[in-house]
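# Inside the fold
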Amino acid sequence: MEDELASSIAIQGAVWGGAKAFTVTSGPGFSLMMEHIGYAAMTETPCVFVNVQRGGPSTGLPTLPAQADMMQAKWGSHGDYGVIALCPNSPQECFDLTVTGFNLAEEFRVPVMMMLDECVGHMTEKVVIPEAEKIEITPRRFTKLPPEEFRLFQPRADKVPDMVRAGDGYRFHVTGLTHDERGYPSMNVDTQDRSIRRLQEKLAPMADGRALCDTEHLEDAEVVVVSYGITSRVAQRALQLAREQGIRAGKFRIISAWPFPEQRFRELAGRVKAFVVPELNLGQMVLEVERAAQGRAAVIPLSHAGGGVHQPATILKAIVEAAR
Amino acid sequence: MNEATIEKATLEVPVEIPADAVNPVEPFLRMDRMPHIWCPGCGIGTTVNCFTRALLASKRNLDKVAIVSGIGCTGRVAGYARLDSFHTTHGRAIPFATGLKLANPELDVVVYSGDGDLFAIGGNHFIHAARRNMDLKVICVNNLTYAMTGGQTAPTTPGKVTSATAPYGVFEPAFNLVALAEAAGAAYVARWTTYHVKQLSRAMEEILGRKGFCFIEVLSPCPTLYQRRNKMGDGLDAMKYYKEASKIRHGARASECDLTRDGEIVVGKFVDRERPDYGELLRSQMTETLGDKYAEPEVSCCSEC
């Protein structure tokens, strides 16, 4: 396509035509795609956006790493809505989590963001690609109802509506305007309240039991390092060094960043002393950690403006100080 | 069109005209959404009437016709058409339609939108889709202004008129949409006005069965926000102007098709040429490069697959 505006809406045309589709970009292109992320959320179009994060703002640091688009992934389009964001930290996970991303997009009918950073994006490592038939695929849930009974945005019990495909005789209407269950525009406070709340509520399982994370030593941890993407691989070394010094340090690697896995953090906040949060930004996901901790554990941001990664020694120093 | 004619039309999925239908185009419209939002004297409804008659005459299976609109007064057409219909974002109807067509090539994909949507914010997509000869049918209702937002200057607003954003007169040169479409590579280019309902219906019918990037510009009155501000009368006055000022000149050079405030309006079919479309180009390139290894992309035949 000619630009990011085009690619981010062409994928949605393709989805309503029956395909699965995704688009890939970095920083500035992600900014250009924001309107269509909102359109995908509003029209409940399952699709995947890959953002290999660079340093910003603006053209910023092409080909150098950052993790400063994390809040944009959640809030970048106007209005209230819900998305899923996944943060792989290796080439293998880029493969595996993209499959997961497509599956979650179908299950919840939301746009899914694959939030890489430049290091993970350019990394070369061994990747095992399973045989096609061994990959679990969530098929699109097409309605079983005949056209005369079908309503395009009538949610099932899980608050997600069934899909249809253009050309199958349903003569349906899709709009980015606030719409009722038929898909018709509705300038109505009740419709707005009901439908916009549902866009967030349908994702509740992802904030709770379905959240994806990778943890170590949480059972006895007094200091937990919270990280994601390339920063989690730097933090791994710091955690190892801290354990060698006898500090009870634990790992919480965020994999599904949005919805934020707040249930897990609420539980942990009651029994750990501190969260250390290194990020390649000036403090984004740390705000969510703070919110979930509700003042019951210290939350220590380790910000970095991007262009490089943290030194393990910096993270280790923060762990040591937090454990004191 | 009377009921006898409608019965004669053999659609794959027969269109039933309800006994209590006031108008034979009702089966093509979402009557539960009436009344529509358009002002008295607006020409968009006239173009929709022509379009429904073109659909009927084309004998297409309407389950396989999708309509995509952008934003604006004409952007609302998709919402009233009883087809698979998409009301997308401002300027992006064409890229949405491109994705839809590529994913489901058996669909006839019609883009129905206004001049502000297709040629200002969406201008880039228009020229690229024409360049690719994407198999899309683009109908542009040109009312020479941004009507829904209050009558601001559009890239089509002719000089010497006033607009909400040009109270002392528009001085920017306007786009000649015919010339733009031809230069960008469109396979079919025509212009009609809402006075020319027969010609417009026939042109719409013609492109529904035609491959490649097809473009029809329909000059249409906006009494509320364009004519009133410029003391140009109402919808009927616009019809009189279209009738008197229009010159049918098929095959006219695109450079002769400039529009002015009250000058001649050249109408007709200007371009009708064979160019391989995007799908054909893709297939031939892949076959040339990959030979027997090239497999057509899998397209599920229905939602059951």
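All figures in this text were calculated on a predicted structure; none of them were measured in a lab.

## A short note on the sheet that holds strand S12 (residues 298-302) of chain A
Residue and element names in this part refer to chain A. The strand order across the open sheet formed by 5 strands is S7-S9-S8-S11-S12, and the pairing between neighbours is mixed. Pairing within the sheet leaves two strands with one partner each, and these edge strands are strand S7 (213-216) and S12. Within this sheet the neighbouring strands show an average axis-to-axis angle of 20°, counted without direction. Alignment of strand S11 (residues 274-278) against S12, held across 5 bridges, turns out to be parallel. Residue pairing for S12: Val277 is matched across the bridge by Pro301. Its contacts with the sheet put helix H8 (residues 230-244) on strand S8 (223-227), strand S9 (249-254) and S11, and the angle it makes with S8 is roughly 165°.

## A few points about unusual backbone geometry
Residues and elements named next belong to chain A. Note that the residue after Gly56, namely Pro57, is joined by a cis bond; omega there is 0°. With respect to the helices and strands, the residue Pro57 is situated in the loop between strand S2 (47-55) and strand S3 (61-65). Each neighbour pair has its own omega, and for Trp258 with Pro259 the value is -10°, a cis peptide bond. Its place among the elements puts Pro259 in the loop between strand S10 (256-258) and helix H9 (262-269). Although it is not a glycine, Thr63 adopts a positive phi angle of roughly 65°. Residue placement: Thr63 occurs in strand S3. Residues other than glycine seldom take positive phi values, yet Arg171 does so here, at roughly 50°. Assignment of secondary structure puts Arg171 in the loop between helix H5 (118-122) and strand S6 (173-175).

## Observations regarding the environment of Pro27 of chain B
All names here are of chain B. Relative to the helices and strands, Pro27 is located in the loop between helix H1 (3-8) and helix H2 (44-58). A residue is classified by how many C-beta atoms lie within 10 Å of it, and Pro27, with 18 of them, is partly exposed. Here the alpha-carbon distance between Pro27 and Ala187, two residues 160 residues apart in the chain, equals 31 Å.

## A look at the interface of chain A and chain B
With 36 residues of chain A at the contact, the number on the chain B side is 31 residues. Broken down by secondary-structure element, the contributors of at least two residues to the side of chain A that touches chain B are helix H1 (4-16), helix H2 (27-43) and S6 of chain A. The dominant element in the side of chain A that touches chain B, judged by the number of residues it contributes, is H1 of chain A, at 9 residues. Looking at side-chain class alone, the side of chain A that touches chain B contains 20 nonpolar, 10 polar and 6 charged residues. In this structure, S6 of chain A lies alongside strand S2 (residues 84-87) of chain B, joined through 3 bridges in parallel fashion. Looking at S2 of chain B, one finds that Thr175 of chain A is bridged to His87 of chain B.

## Considering the packing of H9 of chain A against helix H10 (residues 285-293) of chain A
How two helices sit against one another is set out by the angle between their axes and by the gap between those axes. All names here are of chain A. Closest axis-to-axis distance for the H9/H10 pair is 8 Å, and the angle between their directions is 60°. Between H9 and H10, the crossing angle belongs to the class labelled oblique. Both H9 and H10 take part in a crossing whose hand is right-handed. Contact residues: H9 offers Glu262, Phe265, Arg266 and Ala269, while H10 offers Val289, Ala292 and Ala293. When its residues are assigned to classes, the contact of H9 with H10 shows 5 nonpolar, no polar and 2 charged.

## Comments concerning the nonpolar core
Judged by nonpolar contacts, the single largest core of 181 residues is most densely connected at Ile84, Val276 and Ile319 of chain A together with Val68 and Leu100 of chain B. In terms of residues, this core owes the most to one element, H1 of chain A, which gives 8 residues. Counting contributing residues, this core receives three or more from each of domain 1 (4-134) and domain 2 (213-323) of chain A.

## Considering the domain arrangement of chain A
All names here are of chain A. As far as domains go, chain A holds domain 1 (4-134) and domain 2 (213-323). When each unit is reduced to the centre of its C-alpha atoms, the spacing between domain 1 and domain 2 is 24 Å. Between domain 1 and domain 2, the residue contacts involve 23 residues of the former and 21 residues of the latter. Elements with a contribution of two residues or more to the side of domain 1 that touches domain 2: S3, helix H3 (70-75), strand S4 (84-86), strand S5 (111-117) and H5. For the side of domain 1 that touches domain 2, the element with the highest residue contribution is H3, accounting for 4 residues. Its residues placed into classes, the side of domain 1 that touches domain 2 shows 17 nonpolar, 4 polar and 2 charged.

What counts, and where the lines are drawn
- Residues numbered from 1 in each chain as written.
- Chains lettered and ligands numbered in written order.
- Predicted model: local features only at pLDDT ≥ 70, side-chain atom pairs only at ≥ 80, totals over all residues.
- Pairing = 2+ DSSP bridges.
- Helix = DSSP H or I, 4+ residues; strand = E, 2+ residues; numbered from the N terminus.
- Axes fitted to C-alpha atoms, helices over the stretch in contact; angles between N-to-C directions.
- Contact = placed C-beta atoms within 7 Å.
- Buried ≥ 20, exposed ≤ 12 C-beta atoms within 10 Å, placed from the backbone.
- Nonpolar A, V, L, I, M, F, W, Y, C, P; charged D, E, K, R; others polar.
- Parallel < 35°, antiparallel > 145°, perpendicular 65-115°, else oblique.
- Left-handed = near helix turned anticlockwise from the far one by under 90°.
- Core = buried A, V, L, I, M, F, W, Y, C linked by C-beta atoms within 7 Å.
- Domains from an automatic or database assignment.

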